[in-house]
Every structure is written in structure tokens, then in C-alpha cells.
Amino acid sequence: MSGRIADGSLWPEGAERIAWARGFMPATTAIAAELAASGRVRGVRIAVSDVLEPKTANLALLLAEAGADVAVSCVGRDTDDAVAAALVHAGIPTYARRDASATEDRENVLALLDHRPDVIVDDGAATIRIAHTERPGILPSMAGATEQTTSGVRPLRTMARLGELRIPVVAANDARTKSLFDNAHGTGQSVVLAVADLLDEPWAGTDVVVVGFGRVGSGIARHAAALGARVTVTEVDPVAALQAVFAGFSVEPLADAVTHARVLISSTGIAHTVTLEHLERLPEGAAVAIGGGAFQEISLQHALASGATETAREGFISWLRLPNGRTVRILDDGNCINVSAAEGNPVQIMDLSFGVQLAAIDHLLGEHGALTPGVHMLPAAADDRVAALALTAFGGGLDAVTREQREHLGSWRPRDVDPET
Amino acid sequence: MTVRWAFPALPALVADAVAAEWGVRITAADDATAPQSLPGFAASFAHARSEQIIRALAQRTNLVLPGARVLVVGDGVLAETVAGALSRAGSRIVRASASPIVLLRSRLLGRETRDLRYRDGRLSADHVIATGEGHPPLDPASIDGVLIDASSDGSGVVPSTGDMARPHVRRTEGSGALVVDAPPVFPADLADAGPIDLHIVDLLVALSLLTRSLTDAEADAELARLVLA
């Protein structure tokens, strides 16, 4: 079975962009080479369920080159049809097409799961959760899964707390090499520049409101400010809000901040963060985007049910007239803007994230049978290995802990007051 | 009345409309004053151009800016604006210039510097941004890295040939340079202009109209007041 894609003839374009990305993925390539040499993934069935663009394609191809039996799926809004075609051309079953309906998206996930994967590589945990609800029969033999997003790890921890998570899952998202870079720097750059590309308006001096100051939100705030925007942050966490103040940003309640937002970017990953009431307080023509990604993070369904109407649409921009008569611009229907309306996070950032995903696969397979169902951290040594590979690529050097430092770290005696010990 | 600038010619539709409405014909002339020599226009233009270039560099390559080593070549306001924006975004900036004053200012900002008067060998960085201000055109054959020409008139980089690595990115024969197509400051056809292009058009038209009754310096100050408002 070669999967379900839109147009197989698009493969040369996809292959060209996949090759470009490969040239900037040294860490992922190196870890994949180690997997190939160890034979760890040879014959292992791996389901990759992720944003389908050139970097993800490289992850799938590298796993296949290392001997894994790989299949891929992706929801339509995050699918690059040319890349999907290139994967099929390379012999990887792929279930993804840009114009897929919600029903077809679901069928594609089920088709992926029908490959009876030993490991699921997930983005958002939808495939892991659907495996639990729709294909529970595949779970007992699985080595586990890896999940690379904050919004995906959250429901998995809920499942674990309720005793409903039946496989071990590595929270790849929580690895330092992933979250400190992908979430903050990669998403920050790609979200701000995707919004800038869609609006094509000057950012210098523009009022930008960033909802949430977690790693993604702080990255968005930083990149917006880098272009000269006046950034205001809104938060529910007083510690995060204080961090925003110390980073030089204004902090206001969302209901106040929206009144002066030319651009509003929500990064909470939580549904109904931006409500109809917030939309109606925005200035005329303000733009609203999502830079994290939860279904209905902007309460669009409620807005439409309450009388909001789309008055125009051009590309990824929808003009929405609200019940109070004001019109705002919704970017890409409130989907995660940097993956659905752009080419996703920068290549070198995804090199880190996919290096972590490969390290997580290695860990799951190495510990198959030993890891209990639940959410597990990637071992620090594996995390460090990916970072060290990338550091070399970025031209950085590293020190080693000395014997004296190690002794100090391992001692509890207060040497400053007892220098003889 | 004719107002001449050493700046790309306005889209014909705009130039004709300005002439018809206000009786001012705005034309491009290499021997005229460059509007970037006026500080108010230079600041506004540099921010808009910086955004155009940073967006094009990121969007056309999908490569990372934070952590990347970026060589910004030139000694004008545009170079400092691009360097500032990328520095705030987390790039490791190297300022390359032949001006000791620019190099001193950059060094005192904590930036690595490269003196172009003593340039020998190749220029190497993850990204190289030529501004065309205060430096001869960079030859891609002597560059290692991703190269983009931020100049307003295409004077920052020597034209080169090579096959396409991906849309808008050309390899350079016999070199490690990857040359990214830079967008024009505004398109020749008004129909192709986006809001940021029109912002630059607006700046030039407003400055030109102000010079009808004011000196260049007074017009530039008034332009700054209008932009602030």
C-alpha cells in the first residue's frame, strides 16, 4: 500500500526541498546514522504523524534508510502535497493530502495505525489518543510513542494520571534540546514571520499583543520586538507575567490589551483563550493569529453561532464582521499559523527536535519491556548528545567538568568554613 | 516641478498620479540626492527594507535566524537596522565595514567586526547581508554562506549564475554561496505591491511633496513628524 495523497506527479518539487533541508540537519542525520549502525530500528514499524513538510520527510526517510518500516500521516491543513508525493515516490506509505476533509483526516490516521506500528512519533498526541480509542488492539505489543508538543504532552499526562495511558510515551517536547529551542526560537521566528508575510505590513512601531508567555509566547514576543513592534503580553500565571516585565514587555489583562492590538497572537495552546468578547474589543481591522495550536483557541465557532459573518476572504486572511459591527482579520482560520500557512519551523531547529525524536525512539526500543505505561523523560545523556551534535554544527565549543569540580559537586562538606576537609 | 532622487523609480501609475494631482514629477536619477542620506527617511526606509529582507531570507530558505552567524556588510542606517533587528532576534552579528567609525560603534555595542579595508580571503558566515552602502558589490564567488542583497538598487552583490537550489535560491558556480533573490523595494507594477511596498512608496512621495516648499532637511523633519503621527 502506498497510501493516499493528492498528486504523485508533484514528487520532484518535494524531493528538491527535502534535499535542501537535509543539508542543514546534521544532528538528526548523525543520530540516524548511529541507529543504522546499531541496527536498533531494523524491521521496526514506525508511524510518523507530524506536520508533513521537508524536515519531517527527512525524519521518515532517515528512519527508513536505517532499516525501519515507516509510514506517515498528517492532517490536511498541515500537509505539503509535493512532500507527500516525494515520500510515496521513495516508497514510504503516506496518508495525507492538503484538501482532506475532517473525515478523511481521521481515516488517514486510522490507516496509519493499521500498519500496527511498534512506535508512534506524534505531534499533538492525536494519533496516540486515537490509537487508544479506535485501535486499542495494537497497544499491547507497542514499544511506545514519542510526543513533541506541549499541547500533546498535557493530555497524555492526564491519561497517565487517570490510568488510561497504556503505553510508555517519551515526552520529547520536554527534552531541553527540544523545548528551549523549538518552542522558543523556532516557533518564535516562524510564527512572527508567517504573520508578517501574510499581512505584509510594516511591524516597526506596530502594537502587537502576545497571549501567553510560556516558551512559545516568549519567543513570539522577542521576535516581534526584534522587528520593532511594541509588544504587550497577557498572562494568567503571575510568575510568567513577571518574567515578561523583566524581559521589557508591558503586561496587561487580555481584555485591556485587545483594545490597542493591531496584531493579536495567542500562544496558549488552550481552547477559548480568545473569546468573542475579546474579538469585539479589538480595533477595526486588527489581525488575530494562533502561534501554538489548540482547536478553537480563538472561539470562532461561538463567534459564528453568535452572528459573526465572514465578509471577505483572500488567501489565508478572513475578514470577520462581528455582532457589534466591527471587522477583524482572522489568519488561517485560527490554525497554527507557522505550519499551516508557512513552511514550519526553521530547518536547523527541527534538526534539534527530530534528533530528540530519534533519541527517544532509540530509548523506547532499548528499554522495550522495561518502561511502564506512562509519560517518561528522555534520559539527560541522550538529550545532551543531540545538543552537542548541534553545537558543533553551530560552531560552538564545550568544556568538560574537571576532577576538582566533580569532587566539589559530590561533596556535602562546607569547605568554606572548614578548609581542611 | 520635477523632484529627482537617487532611488528606484516609482511605479509608473503612482508617478503619473502624483504628477496629475500635485504637479510634481518624481524621477530617478543616479546623480541626484539619495533620500537615504536624509535621516528621517533613512530611518523609516531602513526599518521597512530590513523587514522585507529578513522576511525574504527566512521565508525563501526556511533557515534559522537565532543562533546563526550573520555578516552584515555596509556602513549605513540600513546595515545598523538589519543588524539590530537580527541581534534582538538572537543572531550572532558580525559587522563588516571599511569605516573605522562604524566598526568602533559596532565594537562598543559588543559586536564582532570585520574591517573591509584589510579584507583578504573569503567572507564566511551562515548568512551574509549586503546593503550596498559603503562597500563595493560582493562577488558570490568569494562568499561562503547564504547571501542576500538588501540594497535598494541591486548594487550590493555582483550578478552570478548557477542552478536553483530551491525557489528564489541560486547556487553559485565554483563557490559555497547560495544567493537568495531579494525583493525589490517596491515592484514596477503597482498591482503587485503589498502594504509594506506601498509604505515605502508613500514615504518617497510624501518626502517629494514636502520638498516643494521646504529644504530637504526641513522636509525630512516634517516627514518624521508625519510618520510619528
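Note that the coordinates shown come from a computational prediction; the quantities given were computed from them, not determined experimentally.

(A) Seen up close, the overall build of chain B. In terms of helices and strands, chain B carries six helices and 10 strands. The C-alpha atoms of chain B give a radius of gyration of 18 Å, which matches the 17 Å a tight globule of 229 residues would have. Dimensions of chain B, computed from C-alpha atoms along their principal axes, come out at roughly 50 × 40 × 30 Å. In chain B, which comprises 229 residues, the share counted as buried stands at 54%. Nonlocal contacts in chain B, meaning residues at least 24 apart in sequence, comprise 55% of its contacts between residues at least 6 apart. For chain B, the computed accessible surface area is about 9,700 Å², with 55% contributed by carbon and sulfur atoms. Of the charged side chains in chain B, 21 are positive and 27 negative, and the gap between their average positions amounts to 7 Å.

(B) Structural detail: the pattern of salt bridges. Counting across every chain of the model gives 32 salt bridges over all chains. Residue Glu343(A) is joined to Arg17(A) by a salt bridge in which the shortest nitrogen-to-oxygen separation is 3.4 Å. Linking Glu343(A) in the loop between helix H14 (337-340) and helix H15 (347-366) with Arg17(A) in helix H1 (residues 11-22), this pair joins segments that are 326 residues apart in sequence. In this structure Glu343(A) comes out as buried when scored by relative accessible area, which is 17%. With a relative accessible area of 9%, Arg17(A) lands in the buried category. Across the pair Arg171(B) and Asp163(B) runs a salt bridge whose closest N-O atoms are separated by 3.2 Å.

(C) Spotlight on the sheet that holds strand E5 (residues 112-115) of chain B. Residues and elements named next belong to chain B. Spatial strand order, E5-E4-E3-E6-E7-E10-E9-E8: eight strands in an open sheet with mixed pairing. If you trace the sheet from one side to the other, it starts and ends with E5 and strand E8 (164-166), each paired once. Across this sheet, the average inter-strand angle for adjacent strands is 25°, counted without regard to direction. Strand direction decides the pairing type here: E8 and strand E9 (residues 169-171), joined by two bridges, are antiparallel. Among the inter-strand pairings, Met164 is bridged to a residue of E9, identified as Arg170. Along the sheet, helix H2 (residues 39-61) makes contact with strand E6 (123-130), strand E7 (143-149), E8, E9 and strand E10 (177-180), crossing E7 at roughly 130°.

(D) Summary view of the packing of helix H3 (residues 54-65) of chain A against H15(A). Residue and element names in this part refer to chain A. H15 packs onto H3 with a crossing angle of 35° between their chain directions and a minimal axis gap of 10 Å. Our pair here, H3 against H15, has a crossing hand that is right-handed. Packed against H3, whose contacting residues are Lys55, Thr56, Leu59 and Leu63, the element H15 presents Val347, Met350, Phe354, Leu358 and Ile361 at the interface. Of the residues assigned to the contact of H3 with H15, the class counts are seven nonpolar, one polar and one charged.

(E) Structural context of the sheet that holds strand E14 (residues 317-321) of chain A. Residue and element names in this part refer to chain A. Within the open sheet, the eight strands sit side by side as E10-E9-E8-E11-E12-E15-E14-E13. Their pairing is mixed. The strands lining the two open edges of the sheet, one partner per strand, are strand E10 (250-251) and strand E13 (309-314). Where E14 and strand E15 (residues 327-331) come together, five bridges link them in antiparallel fashion. If you follow Leu320 over to E15, its bridge partner there is Val328.

(F) The arrangement of unusual backbone geometry in detail. You will see that Arg116(A), though not glycine, has its phi angle at about 50°, which is positive. By secondary structure assignment, the location of Arg116(A) is in the loop between helix H5 (102-113) and strand E5 (119-122). Residue class for Arg116(A) comes out partly exposed when judged on its relative accessible area of 43%. Positioned with a positive phi, His168(B) is a non-glycine residue whose angle comes to about 75°. Positionally, His168(B) belongs in the loop between E8 and E9. Owing to a relative accessible area of 35%, His168(B) belongs among the partly exposed residues under this scheme.

(G) Examining the interface of chain A and chain B more closely. Contact residues are listed per partner, giving 29 residues for chain A and 30 residues for chain B. Between chain A and chain B, roughly 2,500 Å² of surface is buried when both sides are summed, and carbon and sulfur atoms account for 58% of that area. Counting every contact that joins chain A to chain B gives three salt bridges. Of the charged contacts in the structure, one is a salt bridge between Arg55(B) and Asp197(A), with a shortest N-O distance of 2.8 Å.

Criteria and thresholds
- Residues numbered from 1 in each chain as written.
- Chains lettered and ligands numbered in written order.
- Predicted model: local features only at pLDDT ≥ 70, side-chain atom pairs only at ≥ 80, totals over all residues.
- Heavy atoms only, no water.
- Helix = DSSP H or I, 4+ residues; strand = E, 2+ residues; numbered from the N terminus.
- Rg over C-alpha atoms; globule rule 2.2 N^0.38 Å.
- Buried < 20%, exposed > 50% of the residue type's maximum accessible area, 1.4 Å probe, protein only.
- Contact = heavy atoms within 4.5 Å.
- Areas by Shrake-Rupley, 256 points an atom, 1.4 Å probe, with all protein chains shown as cover.
- Lys, Arg positive; Asp, Glu negative; His and termini not counted.
- Charge placed at Lys NZ, Arg CZ, Asp CG, Glu CD.
- Salt bridge = Lys/Arg side-chain N within 4 Å of Asp/Glu carboxyl O.
- Pairing = 2+ DSSP bridges.
- Axes fitted to C-alpha atoms, helices over the stretch in contact; angles between N-to-C directions.
- Left-handed = near helix turned anticlockwise from the far one by under 90°.
- Nonpolar A, V, L, I, M, F, W, Y, C, P; charged D, E, K, R; others polar.
- Buried area = accessible area lost by both parts, 1.4 Å probe.

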